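Geometric and topological summary
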Amino acid sequence: MAVDYFLHEKIWFEKYKYDDAERRYYEQMNGPVSSSSHQQENGASTILRDIARARENIQKSLAGSASTTSSGPGGDQNELLSRISHLEVENQNLRSVVADLQMAIFKLESRLNALEKSSTSHQPSPVPPTQKVEPFSVPSKKVELPSASPAKKVEPAAAEEDDDDDIDLFGSDDEEEDQEAAKVREERLRQYAEKKAKKPGLIAKSSILLDVKPWDDETDMAKMEECVRSIHMDGLVWGASKLVPVGYGIKKLQIQCVVEDDKVGTDILEEEITKFEDYVQSVDIAAFNKI
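Residues numbered from 1 in each chain as written. Predicted model: local features only at pLDDT ≥ 70, side-chain atom pairs only at ≥ 80, totals over all residues. Heavy atoms only, no water.

Some points on the overall build of the protein chain
- Of regular secondary structure, the protein chain possesses seven helices and four strands.
- Starting at the N terminus and ending at the C terminus, the protein chain contains elements arranged as α-α-α-α-α-β-α-β-β-α-β.
- Of all 291 residues assigned to the protein chain, the portion counted as buried reaches 11%.
- Sequence-distant contacts in the protein chain: of pairs separated by 6 or more residues, those separated by 24 or more amount to 69%. (Helix = DSSP H or I, 4+ residues; strand = E, 2+ residues; numbered from the N terminus. Buried < 20%, exposed > 50% of the residue type's maximum accessible area, 1.4 Å probe, protein only. Contact = heavy atoms within 4.5 Å.)

Structural data, given as structure tokens:
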């Protein structure tokens, strides 16, 4: 900002000349002045000269800085032009490399085509069937492959067997063999049915979580759990248990059990537990899952 201010400021660099001219004019009009006043004026004029010279130097330095600032964009432009020319040279080089690669690929393709043609032309010719020689010691046997419809060949064989059965001059024991086979089959079926009947079937079971609630906080929970576990039934298995707080110092007994659906029902289980009236207030089913 200061440089711009001094650059556009108008300074009177030649003021000392006009001061000298004015002084000489007044000397001619009024006569010569005393030596002391003359020395003072000379000192003032030298100071003015120094100030003017300093201002000239400032002006020159400002002009030089302005010239350098004006020459900056030109230098950037020259650098940009040099970079563009360098990029153009690199582009030309890349184009030449790409052209060489394309030529090499074209040559490779032509060589591959030539090799394929030569390989197809040099394939071995098939051996004529007349050149097959069989050893004299091993007689040749004709091998018949299975046809697409074997059922047609089976039908004539079955027809021949039927013809043989029709012509039975000496009689046969086919009827007796059929009866023995039927007896064996019936015996095996009976044994299989007995084994299947003895095999136990799938037993349906359920997992039940019971909430057993006491009368108050003074109920002996250990004794209540002992009473509940004293119930024994066929198909009933007791599991883990825990005490769960309800409120006001009262806790309920949560106990797990597994029952067989065909032997133990939930109604019977609740009735057996509620028989302990001194400890049990009520019984609820908290969870019921099939196993």
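Quick look at the nonpolar core
- If you look at the biggest cluster of nonpolar residues, it comprises 18 residues, and the most contacted ones within it are Leu210, Val212, Leu236, Trp238, Cys257, Leu269 and Ile273.
- Elements represented by at least two residues in this core include exactly strand E1 (205–213), helix H6 (221–229), strand E2 (236–247), strand E3 (250–260) and helix H7 (266–274).
- Excluding its chain neighbours within four sequence positions, the residues that come into contact with Leu236 are Ile231, Cys257, Val258, Val259, Val264 and Leu269. (Core = buried A, V, L, I, M, F, W, Y, C linked by side-chain atoms within 4.5 Å.)

Brief notes about the pattern of salt bridges
- With the rule as written, the count across this model stands at 12 salt bridges.
- Asp284 is paired through a salt bridge with Lys213; the nearest N and O atoms lie 3.2 Å apart. Of this pair, Asp284 sits in strand E4 (residues 282–290) while Lys213 sits in strand E1; the two residues are 71 residues apart in sequence, bridging distant segments of the chain.
- Taking the relative accessible area as the measure of exposure, Lys213 reaches 30% and is therefore partly exposed.
- Salt-bridge contacts for Asp234 lead to Lys263; the nearest nitrogen and oxygen are separated by 3.4 Å. In this pair, Asp234 sits in the loop between H6 and E2 while Lys263 sits in the loop between E3 and H7, placing the two residues 29 residues apart along the sequence. (Salt bridge = Lys/Arg side-chain N within 4 Å of Asp/Glu carboxyl O.)

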